[in-house]
Amino acid sequence: MKALVTLLVLITGVMVSSCQEREAPSPPVKVEFHLTDAEGKATTIFQEGEDILFDYSIVNLIDETVTWYFDSAFSYHNMFTVYKVEEPGPERPGGDVVKIGTPQTPVLQIDARTGRVIPANGEMRILMSWTGNRENTYMFDNWSIYYHERESLTPGKYFVEFEQGITFALYNPFHRKFKIDFEVRSK
């Protein structure tokens, strides 16, 4: 009986060990998101009438290509959702958070490819303008970004928040919630 228990413990240990060896490693990428002004300087303080640029990138940190699947939770349609923080007042004693929207108009993109390849030491980048300035817009793979008419944000406190998930071919999935508080000040 003792030999049987020892054998079962040994088999279980080998099975657990082999399962751990097959587990995928973390993806060798750095995912960055920040707000910039029209000159590309990262900031969280903007002047009234100034455009706000939403800069998101997936940077490959290795000398080999990295593949992620398009059927993953990656979606730029809800990226960069902006909310305004309303201060407490007579109408809203506790304050409030109001959804303002996204800089882009969500449009279904049909693409037959099942994945994307990030080049060795390369990046995939999305740069969107709050006011729809096409000169300050970039989308990987030359996808189109559709803007709707949008005015500059009025003075106040805001935040941008969204979640992003990416399923990689050879690595563990990436999932992260992004949030940046920012302010628009009067001129």
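Check the entry above for the structure.
Residues numbered from 1 in each chain as written. Predicted model: local features only at pLDDT ≥ 70, side-chain atom pairs only at ≥ 80, totals over all residues. Heavy atoms only, no water.

## Comments concerning the nonpolar core
Generally speaking, soluble globular proteins have nonpolar side chains that are buried together. Here is the rule we go by: The set of buried Ala, Val, Leu, Ile, Met, Phe, Trp, Tyr and Cys residues whose side-chain atoms join them within 4.5 Å is what this entry labels a nonpolar core. Between buried and exposed lies partly exposed: a residue is buried under 20% and exposed over 50% of the maximum accessible area for its type, with that area taken using a 1.4 Å probe on protein chains only. Secondary structure is summarised from DSSP: a helix means a run of H or I of at least four residues, a strand means a run of E of at least two, and numbering begins at the N terminus for each. Any pair of residues with heavy atoms lying within 4.5 Å of one another is described as a contacting pair.
Core analysis: the largest hydrophobic core is formed by 36 residues, its most contacted members being Phe33, Tyr56, Phe80 and Phe182. Secondary structure elements with two or more residues in this core: β1 (29-36), β3 (53-60), β4 (66-69), β8 (123-129), β10 (156-168) and β11 (174-185). The contacts of phenylalanine 33, once residues within four sequence positions are left out, are Phe54, Asp55, Tyr56, Phe80, Val160, Phe162, Phe178 and Ile180.

## Section: the pairing of β4
Basically, it comes down to this: A pair of strands is treated as paired once DSSP finds two or more bridges between them.
Of the two faces of β4, only the one carrying Val66 and Trp68 is buried; Thr67 and Tyr69 on the other face are not. Pairing between β4 and strand β7 (residues 115-118): 4 bridges, direction antiparallel. The partner of tyrosine 69 across the bridge, within β7, is glycine 115. The pairing of β4 with β10 spans 2 bridges and is antiparallel. Along β10, the bridge assignment pairs tyrosine 69 with threonine 167.

## Notes on the pairing of β8
Within β8, 5 of the 7 residues are buried, which leaves the element mostly enclosed by the surrounding structure. Of the strand pairs in this sheet, β3 and β8 are connected by 7 bridges, and their pairing is antiparallel. Note on β8: the bridge partner recorded for valine 59 is glutamate 123. When β8 meets strand β9 (residues 138-139), the two strands line up antiparallel, connected through 2 bridges. From the neighbouring strand, isoleucine 126 faces β9, where its bridge partner is methionine 139.

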